[in-house]
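The primary structure of each chain is shown beneath.
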Amino acid sequence: MNVAAIDSILSKFPEIKGSLIGILHEVQNHFHYLPEGELRYISKKTKIPITQIYSIINFYNRFSLKPKGKNEICVCLGTACHVKGAEKVMNEISAKLKIGKGETTDDMKFSLDEVRCIGACSLAPAVVVNEDTHGMVSPKQVTTILSKYKD
Ligand code: FES
């Protein structure tokens, strides 16, 4: 368990009450998921019941209890993106990485998920990799996009 990392994250939140979501975001960004041991440590340190922590995690899709890849790919499958061929883009990414939705590559480099509208419909079909939004993505562009994140 990485106590130092959690202590460092908690130190950014002088007011723990009302900061649980922010804390969990920081933990997920650090580990790329929410490890059980670290969650129990947060519960002990903050005196927030572990059941309350898990109910927040289960409520928000963004949080994951399973290890995620270094690069998180989210393909938008909202209506505008679906109409413009997002499913083909998703299938191409899935084929190239040999993983399905909700899965992570064995080398832990990529995770693949779907989202429903990221508010960039004019860029449909849209794919988000980490903090980067790629717009008007065609299946042919998938290899180029993935290669930017391989190292
Ligand atoms: S439907 Fe994909 S960005 Fe809105």
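Small disclaimer: the values here were computed from a predicted structure and weren't measured.

Here the focus is the pairing of strand β3 (residues 110–115). Bridge count for strand β1 (residues 71–76) against β3 is six bridges, and the pairing is parallel. Bridging from a neighbouring strand, V75 pairs with E114 of β3. From the end of strand β2 (residues 103–104) to the start of β3, which pair antiparallel, there are five residues, and M108 there has a positive phi angle of about 60 degrees.

The subject of this paragraph is the domain arrangement of the protein. Each domain of the protein was delimited in the assignment, giving domain 1 (3–59) and domain 2 (71–147). On a C-alpha basis, the centres of domain 1 and domain 2 stand 29 Å from each other.

Below, the discussion takes up the nonpolar core. Grouped together as the largest cluster of nonpolar side chains are 22 residues, with contacts concentrated most on I73, V75, I93, L97, L112 and V127. Broken down by secondary-structure element, the contributors of at least two residues to this core are β1, α6 (86–97), β3, β4 (127–129) and α7 (142–147). Here this core takes five residues from α6, the largest share from any one element. Each residue touching I93, except ones within four places of it in the same chain, is listed here: I73, V75, L112, V127 and V142. One finds L24, F31, I57 and F63 within the second-largest nonpolar core, a separate group that totals 19 residues.

Calculation rules
- Residues numbered from 1 in each chain as written.
- Predicted model: local features only at pLDDT ≥ 70, side-chain atom pairs only at ≥ 80, totals over all residues.
- Heavy atoms only, no water.
- Pairing = 2+ DSSP bridges.
- Helix = DSSP H or I, 4+ residues; strand = E, 2+ residues; numbered from the N terminus.
- Domains from an automatic or database assignment.
- Core = buried A, V, L, I, M, F, W, Y, C linked by side-chain atoms within 4.5 Å.
- Buried < 20%, exposed > 50% of the residue type's maximum accessible area, 1.4 Å probe, protein only.
- Contact = heavy atoms within 4.5 Å.

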